[in-house]
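# An overview of the molecular structure
Here's the letter readout for the chains.
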Amino acid sequence: MKLDHRRTILVGLAFLSICAFWQMYDSVIPKILTETFHLNETLSGAIMALDNILALFLLPLFGALSDRTSTKIGRRMPFILLGTACAAVLMNLLPVLDNRYAAAPSTGKLVGLAAVLGLAMGTYRSPAVALMPDVTPNPLRSRANAIINLMGAIGGIIYLAVAAVMYPNAKIAGLAHVNYQPLFLVVSAVMLVSVAVLF
């Protein structure tokens, strides 16, 4: 029995896309909440935790739905494809709301930001993580998991490299407001390309 490294790396592209998003989420969203929306650390932390609260419901739900799905492209792939597309659209609403709030503050824009944060990644995380065990024999899953985690780390590194080039401290220091839309567009492109290659 031999691990199919090529297939495992391809499966890992889904995790790469997830990790690229979460690296950006953890880096940028707190800045948006505190610097644009001027929230204190308690409120900022509460909004940041919304995705974890919704994940308690969304991840089991979509995981169970994908378990019972049967299509020509498999159980998980419809959720991964549709979920990635939805996540790419939703995540690009975040800098739009950020920029609009900076131009004209309103409570509705803050509520919209919080709602989008909670929904952006809930649809395909479970199916993406479940894909590797679906295609890997049980004795080989530990080795496959190591490759999947490596792919996730690469996703995080890609984000850090892109952010370092696009938003060096010398460029954003002293700005009253930073427009993160280009960064979100690049990361969403990374996600879409990764999942397209996987497909």
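Residues numbered from 1 in each chain as written. Predicted model: local features only at pLDDT ≥ 70, side-chain atom pairs only at ≥ 80, totals over all residues. Heavy atoms only, no water.

### Observations regarding the overall build of the chain
To keep things clear, this is the line we draw: Under the scheme used here, helices are H or I runs from DSSP no shorter than 4 residues and strands are E runs no shorter than 2 residues, and both carry numbers assigned from the N terminus. Each radius of gyration is computed over the set of C-alpha atoms, and the globule rule expresses the reference value as 2.2 Å times the number of residues to the power 0.38. Burial classes: relative accessible area under 20% of the type maximum marks a residue as buried, over 50% as exposed, and values in between as partly exposed (1.4 Å probe, protein chains only). Two residues qualify as a contact provided that any one of their heavy atoms is within 4.5 Å of a heavy atom in the partner residue. Using a 1.4 Å probe, accessible areas were evaluated by the Shrake-Rupley method; residue-level cover was limited to the displayed protein chains. The charge count includes Lys and Arg as positive and Asp and Glu as negative, but it does not include His or the ends of the chains. Throughout, a charge is located at the NZ atom of Lys, the CZ atom of Arg, the CG atom of Asp or the CD atom of Glu.
Broken down by element type, the chain carries 10 helices and zero strands. Each helix and strand of the chain, ordered N terminal to C terminal, gives the series α-α-α-α-α-α-α-α-α-α. In summary, the chain has a C-alpha radius of gyration of 18 Å against a globular reference of 16 Å for 199 residues, a match within 12%. Counting only C-alpha atoms, the chain reaches 60 × 35 × 30 Å along its principal axes. Taken across its 199 residues, the chain has 44% of its residues classed as buried. For the chain, the proportion of contacts with a sequence separation of at least 24, taken over those separated by at least 6, is 78%. Within the structure as shown, the chain displays about 10100 Å² of accessible surface, and the carbon and sulfur contribution to it stands at 67%. Between the averaged position of the 14 positive side-chain charges in the chain and that of its 8 negative side-chain charges there is a distance of 11 Å.

### Regarding the side chain of Gln181
In this structure, Gln181 sits in helix α10 (residues 181–198). On the accessibility criterion, Gln181 (17% relative accessible area) is buried. Apart from the residues lying within four places of it in its own chain, the contact partners of Gln181 are Asn92, Pro95, Val96, Asn99 and Tyr167.

### As for the packing of aromatic side chains
This is how it is decided: Pairing of aromatic rings covers Phe, Tyr and Trp, the last through its six-membered ring, and needs centres within 6.5 Å; plane angles under 30 degrees mean stacked, over 60 mean edge-to-face, and all others mean tilted. Throughout this description, the term charge over a ring refers to an Arg CZ or Lys NZ atom that lies within 6 Å of the ring centre and within 35 degrees of the ring normal.
Taken as a whole and judged by the stated rule, the model has five aromatic pairs. Where Trp22 meets Tyr25, the ring centres are 4.7 Å apart and the plane angle is 75°; that geometry is what we call edge-to-face. One end of the pair, Trp22, and the other, Tyr25, are both in helix α1 (residues 5–36), three residues apart, so they sit about a helical turn from each other. Given a relative accessible area of 15%, Trp22 falls into the buried group. Owing to a relative accessible area of 3%, Tyr25 belongs among the buried residues under this scheme. Here the aromatic residues Phe21, Trp22 and Tyr25 are joined through ring pairs into a cluster of three or more. Above the ring of Tyr167, the side-chain terminus of Lys171 is found at 5.8 Å from the ring centroid.

### Some points on the nonpolar core
Rule in force here: Put simply, a nonpolar core is a bunch of buried Ala, Val, Leu, Ile, Met, Phe, Trp, Tyr and Cys residues held in one set by side-chain atoms that sit within 4.5 Å of each other.
The biggest cluster of nonpolar side chains holds 52 residues, and the ones touching the most others in it are Met24, Ile29 and Leu183. Secondary-structure elements contributing two or more residues to this core are α1, α2 (41–48), α4 (77–91), α5 (93–103), α6 (107–119), α7 (125–135), α8 (141–166) and α10. With residues up to four places along the chain from it excluded, the contact list for Ile29 reads Met24, Met48, Leu94, Leu117 and Phe184.

### Regarding a nonpolar patch on the surface
Inclusion rule: What goes into a patch is any residue over 30% in relative accessible area without a salt bridge, connected to like charges within 9 Å or, for nonpolar side chains (Val, Leu, Ile, Met, Phe, Trp, Tyr), within 5 Å. What counts as a salt bridge is simple: a side-chain nitrogen of Lys or Arg found within 4 Å of a carboxyl oxygen of Asp or Glu.
A cluster of nonpolar side chains, contributed by Ile53, Leu56 and Phe57, occupies part of the molecular surface with about 350 Å² of accessible area. For Leu56, the position within the fold is in helix α3 (residues 50–67). For Leu56, a relative accessible area of 62% translates into the label exposed.

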